[in-house]
Amino acid sequence: MRHKLFSAVTALTISVLFAASAAEAGGKALSCYQQAVVPAVYKTVQERVLVKAASSHTVQKPAVYGYQKRRVLVQPERVTYRTSPAVYQTRHRQVQVQPASIGWEYRIVKGRKTLCKVQHPAVYRTVAEKVMVQRASKVAVRHPAVYGHVKEKVLIQPAQNYVVQQPAVYKTVTRQVLVQPARTVWQPVKVRGCRH
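Everything numeric in this text was worked out from a predicted model, so none of it was measured.

Colleague: What is the right way to read the overall build of the chain from this model?
Modeller: When helices and strands are tallied, the chain shows one helix and 14 strands. Here the chain has roughly 17,100 Å² of accessible surface; of this, 54% comes from carbon and sulfur atoms.

This is the structure in structure tokens:
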């Protein structure tokens, strides 16, 4: 392409030189050319450009705790013994103080001293005595276990780390791109005394 363009420009230049020589020589011009500047050609393009690169960072999530009630043993089950004392009652009974007996004794009968054989009955006396009705004993008393509640801190969720990814940020920008640079060309012109 460049080779053809160069050949055309060279041929055109030689023709102009010959025409100039002919004109100067008083010859008749067949065609005339003048230099003209063809402006550069641009086109608008859109392209995606990186504004911020992708990144990542670690986020630490702390542990989560809560509280709960727990049943605890305050005092274990136990057995104690209660002593019951003996039970007594007071009872009365007749006690013979003197047994029945026969004896001799003097009596006055019709003014005269008389020796008589006399029977003496037994002599009793009422006495009080303490009698055990029920013996002393031990009674087992069961005491059930005693429980209470305590509030304690418990782990609900352990601490953990996780990575947060930040995607890259792009934006679309518009710019002018040179398609063809400005150039100088020879263009045919109509001038007086010159046929086109």
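Colleague: Hey, could you run me through unusual backbone geometry in this one?
Modeller: Residues apart from glycine generally show negative phi values, whereas peptide bonds are mostly found in trans. Here the phi dihedral of K110 falls at roughly 50°; this positive angle occurs in a residue that is not glycine. Checked against the element boundaries, K110 lands in the loop between strand 7 (101-109) and strand 8 (112-120).

Colleague: How do you make sense of the pattern of salt bridges when you look at a structure like this?
Modeller: As a working rule, side chains carrying opposite charge can pair if their charged atoms are close by. In this structure the tally under the stated criterion is five salt bridges. Here E47 makes a salt bridge to R175, at a shortest N to O gap of 2.8 Å. Here E47 is found in strand 2 (residues 41-52), whereas its partner R175 is found in strand 13 (residues 169-180), with 128 residues between them in sequence. Owing to a relative accessible area of 29%, E47 belongs among the partly exposed residues under this scheme. For R70, the salt bridge is made with E152, and the minimal N-O distance between the two is 3.0 Å. Placement of R70 in strand 4 (residues 64-75) and of E152 in strand 11 (residues 146-157) is noted, with a sequence separation of 82 residues between them. Under the relative-accessibility criterion, E152 is labelled partly exposed at 22%.

Colleague: Honestly, the environment of Q68 in this entry has me stumped. Any pointers?
Modeller: Its location among the elements puts Q68 in strand 4. Given a relative accessible area of 39%, Q68 falls into the partly exposed group. Remark: the alpha-carbon pair of Q68 and K153, spanning 85 residues in sequence, is separated by 6.7 Å. Among all residues touching Q68, those that are not within four sequence positions of it are V150, K151, E152 and V154.

Colleague: Just checking my understanding: could you explain a nonpolar patch on the surface for this structure?
Modeller: Taken together, the side chains of W104, Y106 and L115 define a hydrophobic patch exposed on the protein surface, amounting to about 400 Å² of accessible area. Mapped onto the elements of the fold, W104 is located in strand 7.

Colleague: I would appreciate a short explanation of the confidence of the model for the chain in the present structure.
Modeller: The predicted coordinates should not be examined in detail at positions where pLDDT is low. Here the chain averages 84 in pLDDT, while 84% of its residues score no lower than 70. Looking across the chain, the model is least confident in helix 1 (residues 2-24), with a mean pLDDT of 43, and most confident in strand 13, with 93. Counting contacts from residues 1-25, a segment whose pLDDT is below 50, to residues more than four positions away or on other chains yields three contacts.

Colleague: I'm lost on the environment of V150 in this one. Help?
Modeller: Topologically, V150 is positioned in strand 11. Overall, V150 belongs to the partly exposed group, its relative accessible area being 32%. Distance in space between the C-alpha atoms of V150 and R71 is 6.6 Å, their sequence separation being 79 residues. With sequence-adjacent residues up to four places away left out, V150 is seen in contact with Q68, K69, R70 and V72.

Colleague: How do you make sense of the environment of A36 when you look at a structure like this?
Modeller: On the secondary structure map, A36 appears in strand 1 (residues 32-38). Using a relative accessible area of 19% as the deciding quantity, one classes A36 as buried. Once the C-alpha coordinates of A36 and W186 are considered, the two residues, 150 residues apart in sequence, prove to be 6.1 Å apart. Setting aside anything within four residues of it in sequence, one finds A36 in contact with R183, T184, V185 and Q187.

About the thresholds
- Residues numbered from 1 in each chain as written.
- Predicted model: local features only at pLDDT ≥ 70, side-chain atom pairs only at ≥ 80, totals over all residues.
- Heavy atoms only, no water.
- Helix = DSSP H or I, 4+ residues; strand = E, 2+ residues; numbered from the N terminus.
- Areas by Shrake-Rupley, 256 points an atom, 1.4 Å probe, with all protein chains shown as cover.
- Salt bridge = Lys/Arg side-chain N within 4 Å of Asp/Glu carboxyl O.
- Buried < 20%, exposed > 50% of the residue type's maximum accessible area, 1.4 Å probe, protein only.
- Contact = heavy atoms within 4.5 Å.
- Patch = residues over 30% accessible without salt bridge, like charges linked within 9 Å, V, L, I, M, F, W, Y side chains within 5 Å.
- pLDDT = per-residue confidence, 0-100.

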